[in-house]
Amino acid sequence: MAWNEGRAWPIHALVAAGWIAALTLAAEGAEAATLRAAANNNFVSATATGTSYLTATAGAAQSWEQFDVVNNGNGTVSFRARISGNFVSADIGLAAPNTSRLIANRRTADAWEQFTVVPQSNGTVALRSAANGLYVSADLNLGGVLVANRNAVQAWEQFVLADQPTTPPTNPPPTTGTPPDFGASVHIVSPTTPNLQGVIDGIYNAQQPNHFGPRRDAILLTPGTYNNLRIPVGFYTQVLGLGSHPDQVHVNGDLRSNAFLGGDNATQNFWRGAENFSVTPSLGIGNNTMQWAVSQAIPFRRMHVRGNIKLNQNSGWSSGGWFSDVLVDGQVNSASQQQWISRNSQWGSWTGSNWNMVFVGVPNAPAGSFPTAGQRYTKIAQTPVIREKPFLFIDTDGGYAVRVPSLRQNSSGISWNNGGATPGRTVPIGQFYIAKPGDTAAAMNTQLAAGKHLLFTPGTYVLTQPLRVNNPDTVVLGIGFPTLRSDNGQPLMQTADVDGLTISGLFFDAGATESGVLLEVGPNGAAANHAANPTVLHDLFFRIGGAAAGKVRIALSVNANNTIVDHTWLWRADHGAGVGWTQNPSENGLWVNGNDVTMYGLFVEHFQKHQVVWNGNGGRVYFYQSEIPYDPQSQAGWNSPTGRGWASYKVADNVTSHEAWGLGVYSVFTNGGILLDRAIEAPVNGNVRFHNMISVCLGGNGGIVHVINNTGAQTGCNASFTPTVTNFP
């Protein structure tokens, strides 16, 4: 077989031509091939947009690890990354210390993109760059980054080149069986669903204007590739992939959140989300970019964006938001976002900063640091403890199940990067009671008491007694923003002081009669230690007013020790129906009485006294966003025991250990002459520590006098001056 210039050939043809192996994937159907470093036995990966350097870090070969090989007709070959179509370059023009690192970002193969394959006696090969005549090394001192800078071939310069089936052997798409009865508001679709675009558009047309209405929808994407599909996402809509890995569901088209208000304003884009699939935004806003213009209560989890993502619409305002377990191959542009938290996520690059941007367990957080304007970044290298949110998926036998990830300690980056199953346990759907609107609390409690897990489908559930979650390791999972409400003065949910509870994806709405608390985690006085198997709350959203008048004293009370809260928004409504100082009264958003409680992404707004009261020791908070109430009627009517107004974040005087990072407190008073003396109040103690705080007056009235205790200057109205405090004490 002749080896023609400019064409890619399978490995067996290259062997016949006298080569050991090469990376190949031809349009005419040749098999893919992979490059595996002898230094650490990991596969070489190229990101989809070529924004990151090639690294030998993948434990299994997936789409990022597949390449073409192209004969250049001069004794060299060039490697083309299948995921992006870009050629690999040994870029000698990069500034030190990155000079000669390999990166897949060239559309054509010139000198820097050419390599000589040099067989080694042990069956491996070495790659010599035509750019500088040096060998390519998988440099373990740089974490496995490939760089062409070695004069001789040793262990780090040796690679195994081998065929790779076009369909990777790991994570094969499952065969879809008969789904359970999830009800009419759960839309299970496949790439062959008739009029699929019409189905998606119909949901969006109903939900985009549905700011406070009762409709709820979940769109479940079965494994496969969805070509030329546009998925706009409106209110109370959740789009979920049903693969065991995000790349088993691939949308090649667009996923989008459009601004709800005029003037491209997305500051009321609430209650929508996307989880567990990949998106190539070929039909996005241009430059392979998807638009995700969002604010609070927008779960974006376990996603792979095979391109770029922009977090606002045009130049309009946005006020979010949340990433966790997310990979973006290209750039994240936070644009006008006022604040943002990213946990255990990765990207090619990040641009943008406003007031409060927090990165926890993000290996490539942007350069710069708080409080420098344009670089107000708070960076924590590792996430101390987390259990990722459970996800619904189709197993290898075609059955539906829920994967409950394992607890991770001191982690960085995504949990699914090697292509294998997420560590954890699988719970078959038969072990869940599937709740539908109309089910009573008594019926659900009977199922819980019998040892069933609970899966809520979309809709509104009016409860006449609390749901009681008493068995250890119980999973309560909602899809499509199921909404719980009690109108007879009863709490919505109470848990026992037991190990390993998971409560995720629920919406708690205050009812017409004051119920004391909406969700109580552990009884008052809970004392057990749950460090080895904590309760975790994911994506829980609380609302007082907005849809209708409601009232409650405290939205969320956490009494159980070691509880982890992973993204929550507690909101006393400032607009909508039933809104006013006496129409939707609520004193506090959050009380924490348990010890060693950890929270990521804590959003609490507009409650009439303290937004947060922290009584337990050992608490940790990573990101806090809070607007104090808009509507105090007068200063005299809104004074606390410590002065004018009620501090947003209150650590009780008896607390001896507490730490928080990245806090923003904002005032938007609708009445004149009102001041808040302190955004944050805490005891002065070397073990009660705060890092990177900012206060902002967004309106033209009043303001905040100090950031924390009596430290920090007074805000200027209309955000004319935004004081910061980097460390306290």
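The numbering scheme is per chain: residues are counted from 1 as the chain's sequence reads. For a predicted model such as this one, the threshold for reporting local features is a pLDDT of at least 70, and the threshold for listing and counting side-chain atom pairs is 80 or more; totals across whole chains, interfaces and linings nevertheless cover every residue. As a rule here, side-chain values come from all non-hydrogen atoms in the structure, and water together with hydrogens is ignored.

Trainee: Help me understand the confidence of the model for the protein in this model?
Mentor: Detailed reading of the predicted coordinates is not advisable wherever pLDDT falls low. Residues of the protein with pLDDT of at least 70 account for 93%, and the chain-wide mean is 91. Every residue gets a pLDDT, meaning the predictor's confidence in that residue, from 0 to 100. The contact rule is simple, with two residues in contact once any of their heavy atoms fall within 4.5 Å. This model gives residues 1-30 a pLDDT under 50, and the stretch forms 81 contacts once residues within four places in sequence are excluded. Every residue in residues 165-171 is under pLDDT 50, and counting partners more than four places away or in other chains gives 22 contacts.

Trainee: So what exactly am I meant to see when it comes to the side chain of glutamate 157 here?
Mentor: Secondary structure elements are defined from DSSP: runs of H or I of at least 4 residues count as helices, runs of E of at least 2 residues count as strands, and each element is numbered from the N terminus. By the element assignment, glutamate 157 lies in the loop between β11 (145-150) and β12 (159-164). Here glutamate 157 falls in the buried class, since its relative accessible area comes to 3%. Among residues more than four places away in sequence, those in contact with glutamate 157 are Val125, Ala126, Tyr135, Val136, Ser137, Arg150 and Ala152. Think of it in three bands: residues with accessible area under 20% of the maximum for their type are buried, residues over 50% are exposed, and the middle band is partly exposed, with areas taken using a 1.4 Å probe on protein chains only.

Trainee: Is there a simple way to explain the pattern of salt bridges in this structure?
Mentor: Between side chains of opposite charge, a pair can form when the charged atoms approach closely. Salt bridges are defined by distance alone: a side-chain nitrogen of Lys or Arg within 4 Å of a carboxyl oxygen of Asp or Glu. Applying the stated rule across the entire model yields 24 salt bridges. A salt bridge links arginine 150 to aspartate 139; the nearest nitrogen and oxygen atoms lie 3.3 Å apart. Placement of the pair is arginine 150 in strand β11 and aspartate 139 in strand β10 (residues 135-139), with a sequence separation of eleven residues. Aspartate 566 is paired through a salt bridge with arginine 301; the nearest N and O atoms lie 2.9 Å apart.

Trainee: Explain the packing of aromatic side chains here, please?
Mentor: We describe a pair of aromatic rings using the distance from one ring centre to the other and the angle between the two ring planes. Between rings of Phe, Tyr and Trp, where Trp is taken as its six-membered ring, a pair exists when centres lie within 6.5 Å; planes separated by under 30 degrees are stacked, by over 60 edge-to-face, and by other angles tilted. Throughout the structure, instances matching the rule amount to 34 aromatic pairs. Definition used: whenever NZ (Lys) or CZ (Arg) falls within 6 Å of the ring centre and also within 35 degrees of the ring normal, the charge is taken to sit over that ring. Across from the ring centre of phenylalanine 391, 3.9 Å away, lies the NZ or CZ of arginine 302, which sits over that ring. The ring of tryptophan 271 carries the charged tip of arginine 543 above its face, separated from the ring centre by 5.1 Å.

Trainee: What should I look at first to understand helix α2 (residues 196-207) in this one?
Mentor: Each full turn of the α-helix corresponds to 3.6 residues, which orients residues three or four apart in the same direction. A helix is expected to reach a length of 1.5 Å times the quantity of its residues less one. Between its first and last C-alpha, α2 extends 17 Å over twelve residues, near the 16 Å set by a 1.5 Å rise per residue. All buried positions along α2 are accounted for by Leu196, Ile200, Ile203, Tyr204 and Gln207. Buried residues along α2 cover an arc of 95° about the axis, so they all sit on one side. Among the structural elements, β13 (186-189), β14 (217-221), β15 (224-232) and β16 (237-241) are those in contact with the buried residues of α2. The reported arc concerns the directions from the helix axis to the C-beta atoms and nothing else.

Trainee: Help me understand the pairing of strand β17 (residues 249-256), please; the structure alone is not making it clear to me.
Mentor: Side-chain positions along a regular strand alternate between the two faces of the sheet. With seven of eight residues buried, β17 lies mostly within the body of the structure. In this sheet, β17 lies alongside β15 in parallel orientation, the contact comprising eight bridges. Bridging from a neighbouring strand, asparagine 227 pairs with asparagine 252 of β17. As paired elements, β17 and strand β19 (residues 278-280) share three bridges and run parallel to each other. Along β19, the bridge assignment pairs asparagine 252 with threonine 280. Strands are labelled as partners when DSSP assigns at least two bridges between them.

Trainee: Even after reading the chapter, I still don't get the sheet that holds strand β47 (residues 588-592), so can you show me in this structure?
Mentor: Two orientations exist for strands paired in a sheet by backbone hydrogen bonds: parallel and antiparallel. Strand order across the open sheet formed by nine strands is β38-β41-β43-β45-β47-β49-β53-β55-β57, with parallel pairing between neighbours. Every interior strand has two partners, whereas the edge strands, β38 (467-469) and β57 (703-708), have only one. Neighbour-to-neighbour, the strand axes of this sheet turn through a mean angle of 20°, independent of strand direction. Lines fitted to C-alpha atoms define the axes, with helix axes restricted to the stretch in contact, and inter-axis angles between N-to-C directions lie between 0 and 180 degrees.

Trainee: Explain unusual backbone geometry to me, please; I cannot follow it from the model alone.
Mentor: Generally, phi is negative for residues other than glycine and the peptide bonds are trans, each holding for most cases. Here alanine 96 and proline 97 are connected by a cis peptide whose omega angle stands at 10°. As for its position among the elements, proline 97 is in the loop between β6 (87-90) and β7 (102-106). Geometrically, the link from phenylalanine 370 to proline 371 is a cis peptide bond, its omega value of 5° lying close to zero. As for its placement among the helices and strands, proline 371 is situated in the loop between β28 (356-360) and β29 (377-380). Here asparagine 195, not a glycine, exhibits a phi torsion of approximately 50°, which is positive. With respect to the secondary-structure elements, asparagine 195 resides in the loop between β13 and α2. Non-glycine residue tryptophan 271 carries a positive phi angle of around 55°. Residue placement: tryptophan 271 occurs in the loop between β17 and β18 (272-275). Given the relative accessible area of 1%, tryptophan 271 is considered buried.

Trainee: Sorry, what's going on with empty space enclosed by the protein here?
Mentor: Cavities and pockets are defined on a 1 Å grid built over the protein atoms alone: a cavity is a set of grid points where a 1.4 Å probe fits but cannot escape, while a pocket is an open set with protein on both sides within 12 Å along at least five of seven lines, and lining residues are those with an atom within 4 Å of any such point. Grid points are joined across faces, edges and corners, and a volume is the space filled by probe spheres set on the points. All chains considered together, the criterion is met by five cavities of 30 Å³ or more. Volume-wise, the largest cavity comes out at about 100 Å³. What lines the largest cavity is simply Gln238, Leu240, Gly241, Glu275, Asn276, Lys389, Pro390, Phe391, Leu392, Leu477, Gly478 and Ile479. Listed by contribution, the elements that provide at least two residues to the lining of the largest cavity are β16, β31 (391-394) and β39 (475-478). Side-chain classes are defined by residue name, with Ala, Val, Leu, Ile, Met, Phe, Trp, Tyr, Cys and Pro counting as nonpolar, Asp, Glu, Lys and Arg as charged, and the others, Gly among them, as polar. Of the residues contributing to the lining of the largest cavity, the split by class is six nonpolar, four polar and two charged. Its volume calculated, the second largest cavity comes out at about 80 Å³. What lines the second largest cavity is simply Glu275, Asn276, Arg301, Arg302, Asp325, Glu388, Lys389, Pro390, Phe391, Pro405, Ser415 and Thr422. Here the lining of the second largest cavity is composed, by residue class, of three nonpolar, three polar and six charged.

Trainee: What's the story with the nonpolar core in this structure? I'm lost.
Mentor: Within soluble globular proteins, side chains that are nonpolar generally end up buried alongside one another. Definition used in this section: a nonpolar core is a set of buried Ala, Val, Leu, Ile, Met, Phe, Trp, Tyr and Cys residues joined via side-chain atoms within 4.5 Å. Ranked by size, the top nonpolar core spans 70 residues in total, and within it Tyr649 and Phe690 carry the most contacts. Among the elements that line this core, the one with the most residues is strand β44 (residues 536-544), at four residues. Sequence-distant contacts of tyrosine 649, defined by excluding residues within four places in its chain, comprise Val612, Trp614, Val621, Tyr624, His658, Ala660, Leu663, Ala679, Ile680, Glu681 and Phe690. With 37 residues, the next largest nonpolar core counts Val239, Ile298, Val305 and Phe359 among its residues.

Trainee: Mind showing me how you'd approach the pairing of strand β48 (residues 598-605) here?
Mentor: In terms of burial, β48 is a largely internal element, eight of the eight residues being buried. Pairing between strand β46 (residues 564-572) and β48: seven bridges, direction parallel. Its bridge partner lying in β48, leucine 570 is registered against valine 604. Here β48 pairs with strand β50 (residues 619-627) via five bridges, running parallel. Within β50, the position partnered with leucine 602 by the bridge is tyrosine 624.

Trainee: What is the right way to read the environment of asparagine 692 from this model?
Mentor: With respect to the helices and strands, the residue asparagine 692 is situated in strand β56 (residues 688-697). Relative accessible area serves as the criterion here: at 10%, asparagine 692 is assigned to the buried category. Expressed as a C-alpha distance, the spacing of asparagine 692 and valine 358, which sit 334 residues apart in the sequence, is 9.7 Å. Setting aside residues no more than four positions away along its own chain, asparagine 692 makes contact with Phe370, Tyr377, Thr378, Gly662, Leu663, Val725 and Thr726.

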